[in-house]
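# Examination of the molecular architecture
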Amino acid sequence: MRFNWRILSLLLLMVPFADALAQEHRQHTPGKANQHMHRRPVDDLIRDFESPERDAYQKPEVVMAWLGELHQKTVMDLGTGSGYFAVRLAAAGAKVIAADVNDDFLDKLKQRINKLELEDRISLRKLEYDSPQLSDGEVDMVFMVNVYHHIEDRIDYFTEVLNGIKPGGTLVVIDFYKRDLPVGPPPDHKVSLFETMTELNEAGFKKFELDIDEVIVGKGDYVVLLGNSGSGKMAR
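Everything quoted here is computed from the prediction, not taken from an experiment.

### Concerning the environment of Val172
- Within the fold, Val172 resides in strand S6 (residues 165–176).
- Val172 sits in the buried class, given a relative accessible area of 0%.
- Spatially, the C-alpha atoms of Val172 and Val145 are 8.3 Å apart, while their sequence positions differ by 27 residues.

Shown next as structure tokens:
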């Protein structure tokens, strides 16, 4: 399904809660989605993140093919977790910044990187909850899977994300639809598609077209937002 950015821009301007969202206080502690996830031990989470069941619904091969050419691009895998996509991005030729707020995830991922001898392709970055900690124009792509709903102060956060992406760079957000699904967090922890578009617009992503692709074939469990100035989709 394709939306013209001009129509979306008019809709976004009509959203009454956009200003209120911009006034949220910065979040320095885990939000409810993080607290919900970390009720379980990290080893259990990693086992689920790397499971065949996740492969079946996440379809990483479809996602990677959809991303296109990544050779020599610098990509931040924001909220990398176990490195499920970080190692795939590196295998595709990207220089990966695997970033997370959780020390345990990063420690486990460091062991994985060493075992796979990917030290020259993947670097680790510890994040605070309220910042992607990107330098201006540092990356070609910010890539997020099942992470957007974890971020609390999203307008300020994605203003920083935008500044960290090179001109002509890309923002990719893959997350759960806000409804009951067989995978993912409860609906009240999720962010609706319309709210996501509103927040990204408020953060500075203004001239874009939006493509929605149901990566989970036939179920619509995921929404995919692609930003790429080269193709005119969610451009900076």
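### Some details on the pairing of strand S4 (residues 122–126)
- In terms of strand pairing, strand S3 (residues 95–100) meets S4 through five bridges, oriented parallel. From the neighbouring strand, Ala98 faces S4, where its bridge partner is Leu124.
- For the crossover that starts at S3, traverses helix H8 (residues 103–116) and ends in the parallel S4, the hand is right-handed.

### A word on the side chain of Arg154
- If you trace the backbone, Arg154 turns up in helix H9 (residues 154–164).
- Its relative accessible area of 10% is what places Arg154 among the buried residues.
- Here Ile151 takes part through its backbone oxygen, which lies 2.6 Å from a polar atom of the side chain of Arg154.

### Comments concerning the packing of H9 against helix H10 (residues 193–203)
- The geometry of H9 relative to H10 is characterised by a closest axis approach of 8 Å and an angle of 55° between their N-to-C directions. By the angle class used here, H9 and H10 are oblique. Relative to H10, H9 is oriented so that their crossing is right-handed. Across the interface between the two elements, Arg154, Ile155, Phe158, Thr159 and Leu162 of H9 pack against Glu195, Glu199, Leu200, Glu202 and Ala203 of H10.
- Here the contact of H9 with H10 is built from residues that sort into five nonpolar, one polar and four charged.

### Observations concerning the pattern of salt bridges
- In the structure shown here, the tally under the stated rule is nine salt bridges.
- Residues Arg47 and Asp44 are paired through a salt bridge, measuring 2.3 Å at the closest nitrogen-oxygen approach. Separated by three residues within a single helix, Arg47 and Asp44 lie in helix H4 (residues 42–49), roughly one turn from each other.
- Assessed through its relative accessible area of 53%, Arg47 is described here as exposed.
- The structure contains a network of salt bridges with shared partners spanning Arg154, Glu195 and Glu199.

### Quick word on H4
- Listing the buried residues of H4 in full gives Val42, Leu45 and Ile46. Angular distribution of buried residues about the axis of H4 spans 100°; they occupy a single face of the element.

### Regarding the packing of aromatic side chains
- Inspection of every chain in the model, using the stated rule, returns four aromatic pairs.
- Ring centres of Tyr84 and Phe85 lie 5.1 Å apart, and the angle between their planes is 80°; this geometry places the pair in the edge-to-face category. When sorted by exposure, Tyr84 lands in the same class as Phe85, which is buried.
- Between Phe85 and Phe143, the aromatic rings sit 5.2 Å apart at their centres with planes inclined by 75°, giving edge-to-face as the arrangement. Taken together, the residues Phe85 in the loop between strand S2 (74–78) and helix H7 (86–91) and Phe143 in strand S5 (residues 139–145) connect sequence positions 58 residues apart.
- For Phe85, a relative accessible area of 2% translates into the label buried.
- Its relative accessible area of 0% is what places Phe143 among the buried residues.
- One aromatic cluster in this structure is built from Tyr84, Phe85 and Phe143.
- The cationic tip of Arg54 hangs over the ring face of Tyr84; the distance from NZ or CZ to the ring centre is 3.8 Å.

### Side note on the packing of H4 against H8
- Between H4 and H8, the least distance of the axes is 10 Å, while the angle of their chain directions is 60°. The angle between H4 and H8 places the two elements in the oblique class. As H4 packs across H8, the resulting crossing turns out to be right-handed. Contacts between H4 and H8 involve Val42, Asp43, Leu45, Ile46 and Phe49 on the former and, on the latter, Asp104, Phe105 and Lys108.

Parameters and conventions
Residues numbered from 1 in each chain as written. Predicted model: local features only at pLDDT ≥ 70, side-chain atom pairs only at ≥ 80, totals over all residues. Heavy atoms only, no water. Helix = DSSP H or I, 4+ residues; strand = E, 2+ residues; numbered from the N terminus. Buried < 20%, exposed > 50% of the residue type's maximum accessible area, 1.4 Å probe, protein only. Pairing = 2+ DSSP bridges. Right-handed = clockwise from strand over helix to strand, strands pointing away. Polar contact = N/O pair within 3.5 Å; in protein donor to acceptor, adjacent residues only side chain to side chain. Axes fitted to C-alpha atoms, helices over the stretch in contact; angles between N-to-C directions. Parallel < 35°, antiparallel > 145°, perpendicular 65-115°, else oblique. Left-handed = near helix turned anticlockwise from the far one by under 90°. Contact = heavy atoms within 4.5 Å. Nonpolar A, V, L, I, M, F, W, Y, C, P; charged D, E, K, R; others polar. Salt bridge = Lys/Arg side-chain N within 4 Å of Asp/Glu carboxyl O. Arc of directions from axis to C-beta. Phe/Tyr/Trp six-rings, centres within 6.5 Å; stacked < 30°, edge-to-face > 60°. Lys NZ or Arg CZ within 6 Å of the ring centre and 35° of its normal.

Geometric descriptors of this kind do not, in isolation, establish any biological role.
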